[in-house]
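# Descriptive structure summary
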Amino acid sequence: MKNKVLLLTLLMSLSGCAIMPLSSSSSINSNDNDSSVITNTSSSEESSVTSSSNTSSSSSSSSSSSNKPSSSSSSSEEKEQTYTQGLKGSEYLKYYGESTSCTAIPSVGTPDMLVVPVLFKGETPSNASKALADIDATFNGSSDEVGWESVDSYYKKTSYNHLDLDIDVYDEWITLDKTCNDLAKLTNYADPTWYAVDYVVKTLKNKGVDMKQYDSNSDGFIDGIWLVYGKNYSSATSEQEDILWAYTYWMYENTPNVNNPVANCYAWASIEFMYEGGYSKPDAHTFIHETGHMLGLDDYYDYTENSSLAPAGCLDMMDYNIGDHNAYSKYLLDWVDPTYVSKSSSITIGAFESSGGAIIVPSSLSDNKSPLNEYLIIEFYTPTGLNKLDSSENYGGDYPKLFTENGVKIYHVDSRIGELEYTNDWTYKNYVYNYSYNDLVSKTGYDNCFQIFNSNTPEYSYNSNNKLLTLLSSDQDSKKNYYYKDTYASNKDLYQEGDSIKSFTFNRGTSLPFEIYIDDISSNSATIRFIKK
């Protein structure tokens, strides 16, 4: 029961993913080895770095928050050091799944994903056989067989081949024993779709399907299961609209069974989402976004009703369902190994979508190298690869275009983890620093656990002023609390040659330890200089 309370109040990834585009009359609802080469160039601290950072294992700001915990660093700790690997993103996601019974699909390797077409009792799509073929193409098709990318082709590319999903699309419709209305009325489940998932898994088992083939890490849970239902969500009545949408959820009350795996992480969406791109072929944008949640990624928009704020600027797969994943998402999923700045340096990075090169500027030089900290993360954006289509046309006709020119993106990340404590309810306790996976496991008991403390939705953050991911804007003098109100990020927000950031205050109260200068931008690389203060 305590896990249920924790999940329903703090889990941020249950999302209606098809975001309505913003307009003047609308608002947003709803291996330790660094592959960089570092060469000392003089007797001073400065060095030169060329970064190609695919991981081998797979100006002023507003004042800092008054509710932040005490900083773990001091002036005596602000010195050069060799970073050691701290908590990896995959380790955190594994721990989170174990401690909350909310698992994620492994982000590296060849995990299994089962896709099942489902029908409500008494309903059949107008062209059921074509819909089956389109579902298969949406998940497994080549780039030529879909309007953009399939789920499979997208995640191969965005992960630099670190993730190769083994997707099995069941070749017939499974008809539920309940109508859509009957399912929507169920109240004895955390979500009515739990019933649908249970029904589908039991039906497949009765048909002789061995679920062990879909449990690649042998944890007793199916790695991930998709239910694609054959009813248009746009036809939903008021009774049905809460379930006729696209979202990801977890069956956290299920008990794992290694010999007969059960469902945990699942996603649910209408066949109608396959036709929203305006293409002549199936469209996977929504299914790619929800699969991001199944891997463990949060939404980067603000869930607050009638909110007009967009901390991450909207132009991202986990924000407005468009383009490539950003550097923070890929760092959390162990797909890139960014260069950490620890001394005055000049660093050259290639186009992020193809090279994975990224740079971390830590909020404290005493922090371990980990995505579970507070820092700036820098990538060189180009409208190429996975960004090409969504930068050349408005997805669905009215979504914003991605950036249309080359430039440097700089995100402020506050992905610190903290301790949650249970008395009569789950409450935030405090941030923790430089923990390892073993630290988390050994310090977790019946009445406490650890998780990322911040979200782009204020009510889900330890401090409502602290956001998980904020896109800094070169047009706003690096203001930490500039959140693209009533608008999207645009080309003017990219950092270009000659731009700089000379000061910045992190949420934890520390100051930017370097001045940052964009020295050069070419068609395929950006050179950025860091001068230690």
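Quick note: structure is the one above.
One structure accompanies this document, and this report is about it.

For the chain, the count of helices and strands is 12 helices and 20 strands. Each of the 533 residues in the chain was classed as buried or not, and the buried ones make up 59%. Surface accessibility of the chain: about 19,400 Å² in total, with carbon and sulfur atoms responsible for 44%.

Further remarks concern the state of the cysteines. Under the criterion given, the structure shown has zero disulfides. Counting only cysteine sulfurs, C102 is the nearest neighbor of C265, a cysteine outside any disulfide, at a range of 8.9 Å.

Next up on the list: the environment of Y437. Checked against the element boundaries, Y437 lands in helix α12 (residues 437-443). Taking the C-alpha atoms as reference points, Y437 and Y92, 345 residues apart in sequence, are found 6.8 Å from one another. Once residues lying within four places of it in the same chain are set aside, the contact partners of Y437 are L87, E91, K94, Y95 and E98.

In this section: the pairing of strand β13 (residues 407-414). For a regular strand, side-chain orientation follows a simple rule: the groups alternate between the two sheet faces. Counting buried positions along β13 yields eight of eight residues, so the element is predominantly enclosed. Burial along β13 is two-sided: the residues G407, K409, Y411 and V413 and V408, I410, H412 and D414 are all buried. Of the pairings in the sheet, the one linking strand β12 (residues 374-381) to β13 comprises eight bridges and is antiparallel in character. Residue pairing in the sheet places L376 in a bridge with H412 of β13.

A few words on the sheet that holds strand β11 (residues 358-362). Taken in spatial order, the five strands make up an open sheet running β9-β11-β12-β13-β17, and their pairing is mixed. Here the strands that pair on one side only, and so sit at the sheet edges, are β9 (339-340) and β17 (469-471).

This paragraph deals with the packing of helix α4 (residues 151-158) against helix α7 (residues 285-295). Contact geometry for α4 and α7: axes closest at 10 Å, N-to-C directions at 60°. Regarding the angle of α4 to α7, the classification is oblique. For α4 against α7, the interelement crossing comes out right-handed. Contacts between α4 and α7 involve V151, Y154 and Y155 from the former and F287, I288, T291, G292 and L295 from the latter. Considered class by class, the residues forming the contact of α4 with α7 number six nonpolar, two polar and no charged.

Looking now at the packing of aromatic side chains. Applying the stated rule across the entire model yields 36 aromatic pairs. Relative to F287, the ring of F139 lies with its centre 5.5 Å away and its plane at 70°, an arrangement referred to as edge-to-face. Here the residue F139 occupies a position in helix α3 (residues 128-140), and F287 occupies one in helix α7, the gap between them amounting to 148 residues. Each of the two residues, F139 as well as F287, counts as buried. Aromatic side chains Y249 and Y252 sit 6.4 Å apart centroid to centroid with 75° between the ring planes, which places their arrangement in the edge-to-face category. The same class applies to Y249 and to Y252, which are both buried. By way of ring pairs, the aromatic residues W148, Y154, Y155 and W335 are connected into one cluster. The lysine or arginine in question, R529, covers the ring of Y517, its NZ or CZ lying 4.8 Å from the ring centre.

Turning our attention to α3. Helical geometry note: an α-helix holds 3.6 residues per turn, so side chains three or four residues apart project in the same direction. Helix length check: α3, at 13 residues, gives a terminal C-alpha distance of 18 Å against a target of 18 Å (1.5 Å per residue), a fit within 8%. Residues of α3 that are buried include every one of A131, L132, D134, I135, A137, T138 and F139, and no others. Buried-residue contacts for α3 involve β3 (112-119), α4, β4 (166-169), β6 (225-229) and α7.

For the structure on display, the rule yields 18 salt bridges. Among the ionic pairs, E98 bridges to K94, the shortest N-O distance being 2.9 Å. One end of the pair is E98 and the other is K94, both in helix α2 (residues 89-100) and four residues apart, which spans about a single turn. Note that E419 is salt-bridged to K429, the shortest N-O span being 3.8 Å. In this pair, E419 is assigned in strand β14 (residues 417-422) and K429 in strand β15 (residues 426-431), connecting sequence segments 10 residues apart.

Now for the nonpolar core. Within the largest apolar cluster, 129 residues are counted, with the highest numbers of intra-cluster contacts made by F139, V151, I225, W226, W268 and Y328. At seven residues, helix α6 (residues 193-206) tops the list of elements feeding residues into this core. Not counting residues within four places of it along the chain, the set of residues in contact with Y328 comprises Y300, P371, Y375, I377, V413, S415, I452, L468 and L469. Core analysis: the second largest hydrophobic core is formed by 25 residues, A351, V361, I410 and Y495 among them.

In this fold, K409 is placed in strand β13. Among the residues examined, K409 registers a relative accessible area of 5% and is labelled buried. Side-chain polar atoms of K409 contact the side chain of Y411, separated by 3.1 Å. Leave out the neighbours within four places in its chain, and K409 touches I377, I378, E379, Y381, F403, L471 and L494.

Structurally, D367 is set in the loop between β11 and β12. A residue is classified by how much of its surface remains accessible, and D367, at 1% relative accessible area, is buried. Separated by 2.7 Å, the side chains of D367 and R508 make a polar contact.

This part covers unusual backbone geometry. Within the chain, S218 stands out as a residue other than glycine whose phi angle is a positive 55°. Mapped onto the elements, S218 comes out in the loop between α6 and β6. Residue N434 is not a glycine yet carries a positive backbone phi of 55°. Of note, N434 is situated in the loop between β15 and α12. Overall, the relative accessible area of 30% leaves N434 in the partly exposed class.

Conventions and cut-offs
Residues numbered from 1 in each chain as written. Predicted model: local features only at pLDDT ≥ 70, side-chain atom pairs only at ≥ 80, totals over all residues. Heavy atoms only, no water. Helix = DSSP H or I, 4+ residues; strand = E, 2+ residues; numbered from the N terminus. Buried < 20%, exposed > 50% of the residue type's maximum accessible area, 1.4 Å probe, protein only. Areas by Shrake-Rupley, 256 points an atom, 1.4 Å probe, with all protein chains shown as cover. Disulfide = S-S within 2.5 Å. Contact = heavy atoms within 4.5 Å. Pairing = 2+ DSSP bridges. Axes fitted to C-alpha atoms, helices over the stretch in contact; angles between N-to-C directions. Parallel < 35°, antiparallel > 145°, perpendicular 65-115°, else oblique. Left-handed = near helix turned anticlockwise from the far one by under 90°. Nonpolar A, V, L, I, M, F, W, Y, C, P; charged D, E, K, R; others polar. Phe/Tyr/Trp six-rings, centres within 6.5 Å; stacked < 30°, edge-to-face > 60°. Lys NZ or Arg CZ within 6 Å of the ring centre and 35° of its normal. Expected span 1.5 Å × (residues − 1). Salt bridge = Lys/Arg side-chain N within 4 Å of Asp/Glu carboxyl O. Core = buried A, V, L, I, M, F, W, Y, C linked by side-chain atoms within 4.5 Å. Polar contact = N/O pair within 3.5 Å; in protein donor to acceptor, adjacent residues only side chain to side chain.

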